[in-house]
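# Tertiary structure, described
Each chain, written out:
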Amino acid sequence: MSVDVGKTTWKVLPETAGAKITGVHESLMQESEKDVLWYRDNFLGKPHLNYLAPDTTRGPLAVSLIKDQGTYKALVRTNLGCDRLSVPANKVSNSFFRKVFGLPPKTQSVFDAMGYVLPVNQIKACKDQNLPNELLAMEERQVIRSYKFGVIYCAPGQTTEAQALMNSHESSSSEYKEFLKLLGETIQLSGWRGYRAGLDVSGANNTGTQSIYTKWQGYEVMYHIATMLPHRPEDPQQLEKKRHIGNDLVIIIFQQGPDVFDISSIASHQNHMIAVVRPKDGGYSLQFLAKDGVPTFIPDIPVNPVIQSDPVSRDFFLHKLVQGERAIYKAPSFAPKLSRTRSVLLYDIATKFSS
């Protein structure tokens, strides 16, 4: 083992017999992206019903309902996310008198047929033509399209974060610099127009002059490279480096030597996943750690994993980092914050269009 977790809340992620280093073979779409597509494809631009409630037994709600040919479809937005529902129209009960007068089934009947508990008596219909686009914009803001990962170089003999952050780019190894090429391409920060992850692109060079960036599977990834961030030998804490890397959910530790890294030396409460990388036989051995509470996430890790500098290895590694960050958002330390944010967004829309 190249790390020591000691009595921390970190755990080494298990390796799975039979798992292999593979590329991406499944959809990387987040649930929030699927919600956006569901609404675009089935509701937007079509006559449909929208219901709002700023305060119900389930918190603020925004519900969209449509009869599309022979199927009722619904999108129920709550503080926990969206529920996509559908049921054949012939499965929805409708009273004799409503049929006689050509009236559709009651909303309660539709959701009963869907097997979904909805406080129908607490929601109100809203016919404002601006509401559909407002709901779409809210959901699109929930989609994560960019990621930032920290990278720390750990020289031979170094076993703590404080020691590793004292390294300059000039003093780092050639193997480490080759590994950075696997992560992405070197970009000049001055005038950079892509995702910047909080780095200074004004030309003042407050966060260094270069960084590593890539576009992968339609997502932008910017790395906070400790050796490329401003290096101040007189600062034992390297606060400028910690300011960025300490706020990254996922960090990569490149271990040049055989020393055992002390995970307890990482003090940030934000860091929730670590990928430990060590040069081995022309490639890189991997070990992954996550804090307690982070749920299991794909791809599965092979036994004694080693990647090379090839596209499949790169896909596997980036896939693990991206899915790791997504899993972190479901951890107890993050999920309630995201739920509160979503609740506020729903409440604002409900009160804006209910008044």
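Let me sum up the structure you'll find in this document. (Residues numbered from 1 in each chain as written. Predicted model: local features only at pLDDT ≥ 70, side-chain atom pairs only at ≥ 80, totals over all residues. Heavy atoms only, no water.)

It is worth spelling out the pattern of salt bridges at this point. As enumerated under the stated definition, the model contains 11 salt bridges in all. For E139, the salt bridge goes to R77, with nearest N and O atoms at 3.8 Å. Pair noted here: E139 is in helix α4 (residues 131-141) and R77 is in strand β5 (residues 71-78), with a separation of 62 residues, a long-range link. Residue classification places E139 among the buried residues on the basis of a relative accessible area of 3%. By relative accessible area, R77 is classed as buried at 0%. The closest approach of N and O atoms between K148 and D248, which form a salt bridge, is 2.9 Å. Placement of K148 in strand β8 (residues 146-154) and of D248 in the loop between α7 (239-245) and β12 (250-255) is noted, with a sequence separation of 100 residues between them. Of the residues examined, K148 reaches a relative accessible area of 23% and is grouped as partly exposed. Overall, D248 belongs to the buried group, its relative accessible area being 0%. Taken together, the shared-partner salt bridges connect E31, K34, D35 and R84 into one network. (Salt bridge = Lys/Arg side-chain N within 4 Å of Asp/Glu carboxyl O. Helix = DSSP H or I, 4+ residues; strand = E, 2+ residues; numbered from the N terminus. Buried < 20%, exposed > 50% of the residue type's maximum accessible area, 1.4 Å probe, protein only.)

In this section: the sheet that holds strand β4 (residues 61-68). In spatial order, the strands read β6-β5-β4-β3-β7; together these 5 strands make up an open sheet with antiparallel pairing. Either end of the sheet is taken by a strand with one partner, and the two such strands are β6 (81-88) and β7 (124-125). Here β5 runs beside β6; their pairing, made up of 8 bridges, is antiparallel. When the bridges of β6 are listed, T71 appears paired with P88. Against the sheet, helix α9 (residues 335-354) makes contact with β3 (49-53), β4, β5 and β6, and its axis sits at roughly 110 degrees relative to β3, the strand it touches most. (Pairing = 2+ DSSP bridges. Contact = heavy atoms within 4.5 Å. Axes fitted to C-alpha atoms, helices over the stretch in contact; angles between N-to-C directions.)

Let us look at the side chain of N42. Its location among the elements puts N42 in helix α1 (residues 31-42). There is a polar contact of 2.9 Å between the side chain of N42 and the backbone oxygen of W38. Polar contacts involving the side chain of N42 include one to the side chain of K73, which spans 2.8 Å. Residues contacting N42, with those up to four places away along its chain left out, are I66, D68 and K73. (Polar contact = N/O pair within 3.5 Å; in protein donor to acceptor, adjacent residues only side chain to side chain.)

Here a ring pair, both rings aromatic, is described through the centre-centre distance and the interplanar angle of the planes. Tallied over the entire structure, the rule returns 16 aromatic pairs. Ring geometry for Y147 versus Y219: centroids 5.9 Å apart, planes at 80 degrees, classification edge-to-face. Taken together, the positions of Y147 in strand β8 and Y219 in strand β11 (residues 219-225) put the pair 72 residues apart, joining distant regions of the chain. Comparing Y147 with Y219 shows no difference in burial state: the two are buried. Residues W192 and Y213 carry aromatic rings whose centres are separated by 4.7 Å and whose planes lie at 65 degrees to one another, so their mutual orientation is edge-to-face. Separated by 21 residues along the polypeptide, W192 in the loop between β9 (185-188) and β10 (210-216) and Y213 in strand β10 bring together distant segments of the chain. Assessed through its relative accessible area of 22%, W192 is described here as partly exposed. The structure contains a cluster of three or more aromatic residues connected by ring pairs, namely Y153, Y176, F179, F254, Y284, F288 and F317. Note that K73 overlies the ring of W38, its terminal NZ or CZ placed 5.9 Å from the centroid. The positively charged end of K337 is found above the aromatic ring belonging to F334, 5.2 Å away from the centroid. (Phe/Tyr/Trp six-rings, centres within 6.5 Å; stacked < 30°, edge-to-face > 60°. Lys NZ or Arg CZ within 6 Å of the ring centre and 35° of its normal.)

In this section: the side chain of R342. With respect to the helices and strands, R342 occurs in helix α9. Owing to a relative accessible area of 5%, R342 belongs among the buried residues under this scheme. Within the structure, the side chain of R342 is placed 2.5 Å from the backbone oxygen of T78, a separation counted as a polar contact. Those residues in contact with R342 that sit more than four places away from it in its chain are R77, T78, N79, L80, G81, C82, M138, E139 and Q142.

We now examine the state of the cysteines. Joining two cysteines, a disulfide is a covalent bond between their sulfur atoms. Inspection of every chain in the model, using the stated rule, returns 0 disulfides. C82 takes part in no disulfide bond, and the closest cysteine sulfur to it belongs to C126, at a distance of 17 Å. Assessed through its relative accessible area of 11%, C126 is described here as buried. (Disulfide = S-S within 2.5 Å.)

Turning to the nonpolar core, a few remarks are in order. Counting 43 residues, the largest nonpolar core has F179, L183, Y223, I252, F317 and L321 as its most contacted members. Among the elements of the structure, β8, α6 (174-183), β10, β11, β12, β14 (273-280), β15 (283-291) and α8 (311-328) are those that each provide at least two residues to this core. No other element matches the 7 residues that α8 contributes to this core. Contact partners of Y223, with chain neighbours within four places excluded, come to F149, V151, L183, L199, S211, I212, Y213, T214, I252 and L318. (Core = buried A, V, L, I, M, F, W, Y, C linked by side-chain atoms within 4.5 Å.)

Quick look at a nonpolar patch on the surface now. The grouping of F96, F97, V100, F101 and L103 at the surface amounts to a nonpolar patch, some 610 Å² of accessible area in total. The residue F96 is located in helix α2 (residues 96-100) in this model. For F96, a relative accessible area of 60% gives the class exposed. (Patch = residues over 30% accessible without salt bridge, like charges linked within 9 Å, V, L, I, M, F, W, Y side chains within 5 Å. Areas by Shrake-Rupley, 256 points an atom, 1.4 Å probe, with all protein chains shown as cover.)

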